[in-house]
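One letter stands for each residue in the lines below.
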Amino acid sequence: MSSTLETNTPETGTPISVSPENGTSASVMPASASSESVTPASDTPSCVTPENRPHDAPAHPPTGPRVVIIGAGIVGCSLADELTARGWTHVTVLEQGPLSAPGGSTSHAPGLVFQTSPSKTLAEFARYTVEKFLSLEVDGVPGFNQVGGLELATTPERLAELHRRAGYAAAWGIRGEVVSAARCKELWPLIDESVVLGGFHTPDDGLARVLLAARAQRERATARGARFLERHTVTGIAKEDGRIAAVVTDQGTFLADHVVSAAGFWGPVIGRMAGIDVPLQPLAHQYARTKPLPELHHHQAEATRPILRFQDRDLYFREHADRIGIGSYAHKPLPVDPFAVLPYDEARAQNMDMPSSFPFTEEDWAPSWVDCRRLIPALRNAETEEGFNGVFSFTPDGMPVLGESRQLRGFWLAEAVWVTHSAGVAKAVAEWMVDGRPSLDLHECDLTRFEEAQRSPSYVLERGSQQFVEVYDVLHPLQPMEQPRPLRVSPFHARQQQLGAYFLEGGGWERPHWYEANAALADGARLPERDAWAARHWSPIAAAEARATREKVALYDMTPLRRLEVTGPGALGFLDRMTTNNLRRKPGAVTYTLLLDETGGIRSDLTVARLAPDRFQVGANSPADLDWLTRYAPDDVQIRDITSGTCCVGVWGPLARDLVQPLTRDDFSHKAFGYFRAKETYVGHVPVTAMRLSYVGELGWELYTTADLGLRLWDTLWEAGRELDVVAAGRSAFNSLRLEKGYRAWGTDMTDEHTPYEAGVGFAVRTDKEFVGREALTDAPLTRTLTPLLLDDPAAVVLGKEPVYVDGKPAGYVTSAAYGYTVGRCIAYAWLPAGLTTGTGVHIEYFGEKVPATVAEEPLFDPEMTRIRR
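Here is a short report on the structure shown in this document.

Scoring rules and cut-offs
Residues numbered from 1 in each chain as written. Predicted model: local features only at pLDDT ≥ 70, side-chain atom pairs only at ≥ 80, totals over all residues. Heavy atoms only, no water. Helix = DSSP H or I, 4+ residues; strand = E, 2+ residues; numbered from the N terminus. Buried < 20%, exposed > 50% of the residue type's maximum accessible area, 1.4 Å probe, protein only. Polar contact = N/O pair within 3.5 Å; in protein donor to acceptor, adjacent residues only side chain to side chain. Contact = heavy atoms within 4.5 Å. Pairing = 2+ DSSP bridges. Axes fitted to C-alpha atoms, helices over the stretch in contact; angles between N-to-C directions.

Looking at the side chain of R488
Right, on to step 1. Of note, R488 is situated in the loop between α11 (457-469) and α12 (493-498).
Right, on to step 2. A residue is classified by how much of its surface remains accessible, and R488, at 12% relative accessible area, is buried.
Right, on to step 3. A distance of 3.3 Å separates the side chain of R488 from the backbone oxygen of G507, its partner in a polar contact.
Right, on to step 4. Non-local contacts of R488, meaning those with residues more than four positions away in its chain, are made with E451, A453, G507, G508, W509, E510 and S644.

A word on unusual backbone geometry
Right, on to step 1. Looking along the chain, the bond that leaves Q483 and enters P484 is cis, with omega of -10°.
Right, on to step 2. Mapped onto the elements, P484 comes out in the loop between α11 and α12.
Right, on to step 3. Cis geometry marks the peptide bond from R485 to P486; its omega dihedral reads -10°.
Right, on to step 4. Of note, P486 is situated in the loop between α11 and α12.
Right, on to step 5. Located in the positive-phi region is D314, a residue other than glycine, with phi close to 60°.
Right, on to step 6. Along the chain, D314 falls in the loop between β20 (307-310) and β21 (315-320).
Right, on to step 7. Unusually for a residue other than glycine, K801 sits at a positive phi of about 75°.
Right, on to step 8. Assignment of secondary structure puts K801 in the loop between β41 (784-791) and β42 (803-806).

With respect to the sheet that holds strand β18 (residues 258-261)
Right, on to step 1. Ordered by their spatial adjacency, six strands build an open sheet running β14-β5-β4-β18-β27-β26, and the pairing between neighbours is mixed. If you trace the sheet from one side to the other, it starts and ends with β14 (227-229) and β26 (401-404), each paired once. Each adjacent strand pair in this sheet contributes to an overall mean axis angle of 20°, direction not counted.
Right, on to step 2. Here β26 pairs with strand β27 (residues 411-415) via four bridges, running antiparallel. Looking at β27, one finds that V401 is bridged to E415.
Right, on to step 3. Helix α10 (residues 422-435) rests against β4 (67-70), β18, β26 and β27 of the sheet, and its axis sits at about 15° to β26.

Remember, this is a structural readout, not a statement about activity or role.
Following this line, the structure appears as structure tokens:
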């Protein structure tokens, strides 16, 4: 180790020196030394609490790499417990405040745990949290009070939403049912039954005793050899050669092989020390307790009734013995600057209960108090006894931020985690650190998921604040954020606007879903009428665009799809080793292949074009693909993301060759330019990379060029296509056409929880070569498969994530769904038990109704591939 480590300070992010001269001497401590905290006065930490033995005398000799966890809130304590349970006991947890109540969100969290979520991953996190907290106990008191949960509907729209949430619960294996207003009154006698239309009751939800659960896990981890050090304020992060080296505190420096930031809303502060952006926005949220209520005077227990949500007014309730606690999201967003939050002792000195508890703002509370009294008449003569504005974390998409930094190896984030998901997140991160991968799919939570344009402080503030506003809103699965938009646009954006594009958003990109210019093509179309929910963000124009693609030719903007360039002498060997299919083909070949992890799970699916002996263009899915490949790339391989500097038009339909061939001197016939081939050529004046691929099941090409020439490419194709009745088509038609062909969408239909054979993409696996994950693939019988379903009723529609029932019992869930305009039925792909034969009847639950469907043979359209290969 060099004599000086690079360290960043929280205030400026500028490097300081950690060396013998400034008294922290981390650099002179050999890596094998048993003591990794060095202070001017002692070789032991200056603060050693009774429950934490001095680190030179652990209960057991520590094993595993040196891990420092920053933050002893519920996430930090849960993670220490999970790591030590897996044999990594060389764990130090640093906390700036007292361990009994650290001062972050953990210390004031009301503890409500509702497991049901549109996200399967969040639901799994919550399920594990409930299971684990139920198993914890301190002085005979369990870590979880399973009083159940109750969500109320006071509007028809909310009641329909509760049916949808009941569907999520069934899909993810959570007990729950929609109940009558009378049953809601039985469960919560204090409510006014006359304003309630119904409710969603989840008997396994309840209250986490957060500080108790943290203490129980802290004690278990300590017994295994971990140590928890309170009153240690982190002042810097030391790095060496792109890796974490140490954590600097006001009490000394701690050498580390891994550092996990579990600092809650202080996460951006720790991130700046490490030189890492943490896209997290702290916001204050109001919580109040009433004075004792006569109606509850006989209550001795902490809580006996279900935790209660009144989402129509952005409120929730829980009992505190003879009082009621009330939380509100109804007020305006109250963003908090994490760099301005006072340290624990300074906050206490200013008469704050803790750093995360800000003064209660009565003016924000007043409207919510009116709504509380309307729902619960017992509150009409009651008063609030105390209240505070508690700080906690939001991200631009409402999901946690987890994983290891690409920029600083060994630096991990476990941030923006609510109590509801805390133990589940800790388990997943511990698995990730110890085993190399979590057992759950975490792509929704991966810290790499945000594009560069989504990491600006302004974006994080605006989107994080909107997430606060929408916590309890009824949100359509396609509903986009309204601001800041437009953020990323393709070079064709101006032409798309002229054609009346209806834009939705993904990854910051404006993505046309249909074009009003094609409205006349939809006149007279015989389509089943949709319910109001399914009709949102949909238009019959999509059917016309799909038909035009099948019958003539259409232009699709494929620019948002990620593109990587992989070059260098070792590029071929590297890509061939990293992926499942055979890439050792001549330049001009295009190959569909898979990225697997070491357990055989599908990390991504890729389209790899060999453009030259040492140059490849890779069609990928997410920033995580770049991160994965970069981690493994040898020195003679260069990888760069070329998405922003390039663009792509998909030209698809039976007349695609008639459109493109006159614009180029190269031969685009089937014989000269076969399927899954690539060619660098010119279309008009524009240099393009043409790839003969199709994700809609029709003849055509993907045409790539640089962003500066994109508009010229579009105009060239558009003008040449006028005599062929070319149309611009959007993502709505695209999704319909891809499902008719059975093409999978990674992240929706398959993830790293699934193997290629389960997902139906085993054709892309060559077991006669070496690749990452090969040893994990077995010939064992499949227990589940991605299964195509056709809804029996031509008028029925589902949208995705609905539960599927086999023989009357929940057996799986829908991934992708869209109406197949060519086949005249709604198509749904679902994860179901293996062995269901074609023709087997099932039911899909849609807003509480069981919709009949039938297992189908795939592909549903053109199984002989004649339309693509002509």
